[in-house]
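Here is how the chains run, residue by residue.
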Amino acid sequence: MFYNLARVVMRLVLLILRRWRVLGLNNLPRQGGVVVVSNHTSYWDPVAVGCALNRPIHYMAKSELFNNLLFATLIRGLKAFPVERGKSDRNAIRYAVNLLMTGQMIGVFPEGTRSTSGELQRAHLGAAMLAFKANVPIVPVAIVGAKGVLGKLSVIIGSPIPLPEYEGSRPSREQLENYSQQVMNQLSQLISTAR
């Protein structure tokens, strides 16, 4: 209830302040687990993606954001959950995989932090690892023009990127890196189409 109300309010804010547009919504699978990956340049990014998608999205958010009880209550209401950055947070991974396997969407910024230059940074392997663990595709979502309070903001949703085939019980690091690079290449193409 709170999530849906917040989304309606923020969609109105985005329309008035950011003259936002959403492209490619038909690329988002209507059901089933999905890892959504986006570029990250602004605090608007999780808001813009959450409002653009017509399914609820659970964001992995740095654990420091949950230190303030009031703010933690707010972002938990918006379906965010904490992850300890810089180490393998098994609880967060387990929670994310469970959500994916029950048909939910997880939002990840694979660069790990905001890009101050606006250029895509090297991806961490977490998003690819989650996709492989839950056997779900990754959907790239490009955000263009998010910096600042005013100005046109675009959200472009790409086609799902299926998992490559691999042998054994788990993919190798090289396979994770290759898949991550494929995702970032798709993200880069989406960004360039909106500029």
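Preceding block: the structure.
Residues numbered from 1 in each chain as written. Predicted model: local features only at pLDDT ≥ 70, side-chain atom pairs only at ≥ 80, totals over all residues. Heavy atoms only, no water.

Phi at lysine 79 is positive, roughly 75°, even though this residue is not glycine. Along the chain, lysine 79 falls in the loop between α3 (69-77) and β4 (81-83). Phi is positive for asparagine 135, close to 55°, though the residue is something other than glycine. By the element assignment, asparagine 135 lies in the loop between α5 (126-134) and β6 (138-144). (Helix = DSSP H or I, 4+ residues; strand = E, 2+ residues; numbered from the N terminus.)

We now examine the nonpolar core. If you look at the biggest cluster of nonpolar residues, it comprises 27 residues, and the most contacted ones within it are Val35, Met60, Ile106, Leu130, Ile138 and Tyr179. Apart from residues lying up to four places away in sequence, isoleucine 106 is in contact with Val34, Val35, Val36, Ile57, His58, Met60, Phe81, Ala96, Leu99, Leu100 and Leu130. With 23 residues, the next largest nonpolar core counts Cys51, Tyr59, Leu153 and Ile157 among its residues. (Core = buried A, V, L, I, M, F, W, Y, C linked by side-chain atoms within 4.5 Å. Buried < 20%, exposed > 50% of the residue type's maximum accessible area, 1.4 Å probe, protein only. Contact = heavy atoms within 4.5 Å.)

So, on to the packing of aromatic side chains. Any pair of aromatic rings gets described here by the distance separating the centres and the angle formed by the planes. Counted under the stated rule, the structure contains 3 aromatic pairs. Ring geometry for phenylalanine 81 and tyrosine 95: centres 4.8 Å apart, planes at 65°, overall edge-to-face. Here the residue phenylalanine 81 occupies a position in strand β4, and tyrosine 95 occupies one in helix α4 (residues 90-101), the gap between them amounting to 14 residues. Exposure remark for phenylalanine 81: the relative accessible area of 5% places this residue in the buried category. On the basis of an interplanar angle of 70° and a centroid distance of 5.5 Å, the ring pair of phenylalanine 132 and tyrosine 179 is categorised as edge-to-face. Pair noted here: phenylalanine 132 is in helix α5 and tyrosine 179 is in helix α6 (residues 173-194), with a separation of 47 residues, a long-range link. When sorted by exposure, phenylalanine 132 lands in the same class as tyrosine 179, which is buried. (Phe/Tyr/Trp six-rings, centres within 6.5 Å; stacked < 30°, edge-to-face > 60°.)

Another point: the packing of helix α1 (residues 2-18) against helix α2 (residues 44-52). Two elements in contact, α1 and α2, have axes separated by 9 Å at closest approach and are oriented at 110°. When the axes of α1 and α2 are compared, the pair comes out roughly perpendicular. In terms of crossing hand, the pair formed by α1 and α2 is left-handed. For the pair formed by α1 and α2, the contact residues are Tyr3, Arg7, Met10, Arg11, Val13, Leu14, Leu17 and Arg18 on the first element and Trp44, Val47, Ala48, Gly50 and Cys51 on the second. Classifying every residue of the contact of α1 with α2 by side-chain character gives 9 nonpolar, 1 polar and 3 charged. (Axes fitted to C-alpha atoms, helices over the stretch in contact; angles between N-to-C directions. Parallel < 35°, antiparallel > 145°, perpendicular 65-115°, else oblique. Left-handed = near helix turned anticlockwise from the far one by under 90°. Nonpolar A, V, L, I, M, F, W, Y, C, P; charged D, E, K, R; others polar.)

Here we come to the pairing of strand β2 (residues 34-38). For β2, a buried count of 5 out of 5 residues is recorded, marking the element as mostly surrounded by other parts of the structure. Alternating positions in β2 separate into two faces, Val34, Val36 and Ser38 on one and Val35 and Val37 on the other, with burial throughout. By the bridge criterion, 4 bridges tie β2 to strand β5 (residues 105-108) in an arrangement that is parallel. Residue valine 37 lies in a different strand from β5, and its bridge partner there is valine 108. Here 4 bridges tie β2 to β6, and the two strands are oriented parallel to one another. Pairing of valine 36 across the sheet is with valine 139, part of β6. (Pairing = 2+ DSSP bridges.)

Glancing now at the sheet that holds strand β7 (residues 154-157). Strand pairs in the sheet, formed through backbone hydrogen bonds, run parallel or antiparallel to each other. Sheet architecture is open: 7 strands sit in the order β1-β7-β6-β2-β5-β3-β4, paired in mixed fashion. Each edge of the open sheet is held by one strand with a lone partner, namely β1 (21-23) and β4. Neighbouring strand axes in the sheet, compared pairwise and without regard to direction, differ in orientation by 25° on average. With 4 bridges connecting them, β6 and β7 associate as antiparallel partners. Each residue of the ladder has a partner; that of valine 141, found in β7, is isoleucine 157. Along the sheet, α5 contacts β2, β3 (57-62), β5 and β6; its crossing angle with β2, the most-contacted strand, is approximately 170°.

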